[in-house]
Amino acid sequence: MTKPVVLIAEELSPATIDALGPDFDVRTVDGTDRPALLSALADAHAVLIRSATKIDAEAIAAAPRLKVVARAGVGLDNVDIKTATTAGVMVVNAPTSNIISAAELTVGHILSLARRIPAAHASLATGQWKRSAYTGTELFEKTVGIIGLGRIGALIAARLQAFGVNVVAYDPYVTPTRAQQLGVQLLELDDLLAQSDFVTIHMPKTPETTGMIGAEQFRLMKPTAYVVNVARGGLIDEEALHAALTAGEIAGAGLDVFTSEPPATDGTAYPLLSLPNVVVTPHLGASTNEAQEKAGVSVARSVKLALEGDLVPDAVNVAGGVIDPFVRPGIALVEQLGQFFTGIAHSALTSLDIEVRGELAAYDVSVYRLAALKGILANVVSENVSYVNAPLFAEQRGIETRLIVEADSPLYRNLTVLRGTLSDGSVLSVAGTLAGTRMVPKVVGINEYEIEVPIERHHIVMRYADRPGIVAIYGRELGDAGINIAGLQVAQADASGRALSVLTVDSPVPDELLEDMRKAVGADLFRRIELTED
């Protein structure tokens, strides 16, 4: 019997090869040699890569037998996930391989800033002995603010507590109970910035979090405070950071990631690199021998599972295992409903019911629970969320989940409802279905409001006191900004006289315009929904 071909396109540890075992025909190719890569992919059932090999539409088209692409690391910028999914190719990565390395590097940056280690080393290496010039500060009894209390944030909190620091955190999706378990005090972002001596950011990069630490935030910080970013380039507004450092608004910064990588080394082109109170490293968060070996072994195991037809823990685009063809089309819908839910929610989720009604009740729909959590957490945690690790993230955040399956569905052939209790005790529900022979995904309910809106990339949801002229108000605001309304549905007002509008727009709406619209309409609920695509 012919063995499946596993193509190794970049140098990986010997342990990676050992983890594959003897049941595969393991071949190697230089992934940066494009013609050689495309030729080798013709026979490949799986390909293992790191960051240098690009698996795009051309590469996938050249690999008719390909079943899985495995990235020995966290990032997937070099893999065309959408094309892979369309082609039925599973994409896996190693989302937990670098969390310890990233947490330790963060602590290293904090210590380097506190004790001025890089500058002192550079001075002594040139023969100077300037002890008084590099007087630092102790961490003991200082306040460290962690923005984003996911797995890396939690590891940092645990390690810093050994220094006798006070750890505070901002994370709108973490419950007070979870924070208490970690020994961390939750604060609003502005309060964290004002109180902290060191601030480290560990958020996912989304349209909402890009540039979330900017000029306004730096003005809130102590002049003796330091900021560290080992997460994603662009979370900190680099121009605002340079201005704050040169003006003395903050004391220093530690950066491992940058908006553009590699950054220009010419000080005039990338002025942050020339400042004496900035410590930089070249994106070393995952650059340890241990992290690289963990990544390789992890994806090798995933490849083995995928080619053997088993459930794959770290699949980022499809769930593993056998899924009935009648169930499969609803997976994307449920994930989109999860993103819609998060976009509307105003506080942390504590419990979630996934209600599946209609003909689907006769099938195994357990994958819908995974899809709902993946969608809800996609823009909440900094790590890549897969269908299988989503329950772990939910458990870490204290989110209880139930799958409820009932045949009764009077209005729709099939209906999925995500009904969650938030940390303030309120309940939020979002319902959806696949409509017609084309199975168009639609949102058909938000709380008590009945609507029927095809799901697109950009939506605005608003609730306001129903009165004439409201549509004209926000239509004019968007029109003046050159943003087209592709669709609009207004749900009938409830008993309190409040109506709900769901707009579909062709492009993202800037924050300033959203605030202007909210004020003009007088909305008590006003949310921008930005759906991501795998």
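Here, the structure is the one placed above.
Residues numbered from 1 in each chain as written. Predicted model: local features only at pLDDT ≥ 70, side-chain atom pairs only at ≥ 80, totals over all residues. Heavy atoms only, no water.

What to know about a nonpolar patch on the surface
There is a patch of nonpolar side chains on the surface, built from Val471, Leu488 and Val490 and spanning about 210 Å² of accessible area. With respect to the secondary-structure elements, Leu488 resides in strand β20 (residues 485-491). (Patch = residues over 30% accessible without salt bridge, like charges linked within 9 Å, V, L, I, M, F, W, Y side chains within 5 Å. Areas by Shrake-Rupley, 256 points an atom, 1.4 Å probe, with all protein chains shown as cover. Salt bridge = Lys/Arg side-chain N within 4 Å of Asp/Glu carboxyl O. Helix = DSSP H or I, 4+ residues; strand = E, 2+ residues; numbered from the N terminus.)

Brief notes about the packing of aromatic side chains
Each aromatic ring pair is characterised by the separation of its centres together with the angle its planes make. As enumerated under the stated definition, the model contains two aromatic pairs in all. Summarising the aromatic geometry, the rings of Phe198 and Tyr226 are spaced 5.3 Å apart at their centres and angled 15 degrees between planes, so their arrangement reads as stacked. Of this pair, Phe198 sits in strand β9 (residues 198-201) while Tyr226 sits in strand β10 (residues 226-229); the two residues are 28 residues apart in sequence, bridging distant segments of the chain. Tyr226 carries the same exposure label as Phe198, and that label is buried. On the numbers, 4.9 Å between centres and 35 degrees between planes, the contact of Phe326 with Tyr363 is tilted. Within this pair, whereas Phe326 is found in the loop between α12 (289-307) and α13 (329-344), its partner Tyr363 is found in the loop between β13 (349-358) and α14 (366-377), the two being separated by 37 residues in sequence. (Phe/Tyr/Trp six-rings, centres within 6.5 Å; stacked < 30°, edge-to-face > 60°. Buried < 20%, exposed > 50% of the residue type's maximum accessible area, 1.4 Å probe, protein only.)

Some details on the layout of surface pockets
Reported here for the second largest pocket is a volume of approximately 1300 Å³. Looking at the second largest pocket, it is lined by 35 residues, and the ones nearest its centre are Tyr173, Glu208, Thr209, Asp511 and Arg528. A per-element tally of the lining of the second largest pocket places strand β22 (residues 525-530) first, with five residues. Among the residues forming the lining of the second largest pocket, the class breakdown is 15 nonpolar, 12 polar and eight charged. (1 Å grid on protein atoms, 1.4 Å probe; cavity = no way out; pocket = protein on both sides within 12 Å on 5 of 7 lines; lining within 4 Å. Points joined across faces, edges and corners; volume = space filled by probe spheres on them. Nonpolar A, V, L, I, M, F, W, Y, C, P; charged D, E, K, R; others polar.)

Here we look at the packing of α13 against α14
α14 packs onto α13 with a crossing angle of 35 degrees between their chain directions and a minimal axis gap of 7 Å. Handedness of the α13/α14 crossing: right-handed. Residues Gly330, Ile331, Val334, Glu335, Gly338, Gln339, Phe341 and Thr342 of α13 lie in contact with α14, whose contacting residues are Val367, Tyr368, Ala371, Ala372, Lys374, Gly375 and Ile376. Partitioned by chemical class, the residues of the contact of α13 with α14 number eight nonpolar, five polar and two charged. (Axes fitted to C-alpha atoms, helices over the stretch in contact; angles between N-to-C directions. Left-handed = near helix turned anticlockwise from the far one by under 90°. Contact = heavy atoms within 4.5 Å.)

Digging into the nonpolar core
The biggest cluster of nonpolar side chains holds 46 residues, and the ones touching the most others in it are Phe340, Phe341, Ile344, Tyr368, Leu377, Ile446 and Val461. Not counting the four nearest positions on each side in its chain, Val461 is found in contact with Phe340, Ile344, Ile446, Leu500, Ser501, Val502, Leu525, Phe526, Arg527 and Ile529. Formed by 31 residues, the second largest nonpolar core is a distinct cluster that contains Leu192, Val199, Leu245 and Leu272. (Core = buried A, V, L, I, M, F, W, Y, C linked by side-chain atoms within 4.5 Å.)

Side note on the pairing of β13
The element β13 is largely enclosed, with a buried count of eight among its 10 residues. Relative to strand β15 (residues 414-422), β13 runs antiparallel, the two being bridged by nine bridges. By the bridge assignment for β15, Ser351 is matched with Thr421. Sheet topology note: the β13/strand β14 (residues 400-406) ladder contains seven bridges and is parallel. By the bridge assignment, Glu355 is partnered in β14 with Ile404. (Pairing = 2+ DSSP bridges.)

Some thoughts on the sheet that holds β22
Backbone-to-backbone hydrogen bonds pair the strands of a sheet. The strands run either parallel or antiparallel. On the basis of which strands lie adjacent, the open sheet formed by four strands has the order β20-β21-β19-β22 and antiparallel pairing. Both outer strands of the open sheet, β20 and β22, are each paired with one neighbouring strand and no more. Here the average twist between neighbouring strands, direction ignored, is 15 degrees. Looking at chain direction, strand β19 (residues 458-465) and strand β21 (residues 498-505) are connected through eight bridges and run antiparallel. Paired with Val461 across the bridge in β21 is Val502. Lying on the sheet, helix α16 (residues 470-480) is in contact with β19, β20 and β21; it crosses β20 at an angle near 160 degrees.

Overview of the pattern of salt bridges
Proximity of charged atoms lets side chains of opposite charge pair with each other. Counted under the stated rule, the structure contains 19 salt bridges. One salt bridge connects Asp25 with Arg27, and the closest N-O pair in it is separated by 2.9 Å. Note on Asp25: relative accessible area 27%, which makes it partly exposed. Measuring nitrogen to oxygen at the nearest pair gives 3.9 Å for the salt bridge that ties Lys519 to Glu515. With Lys519 and Glu515 both in helix α17 (residues 511-521), this residue pair falls four residues apart, about one helical turn. Within the structure, one salt-bridge network assembled from shared partners comprises Glu355, Arg357, Glu406 and Arg419.

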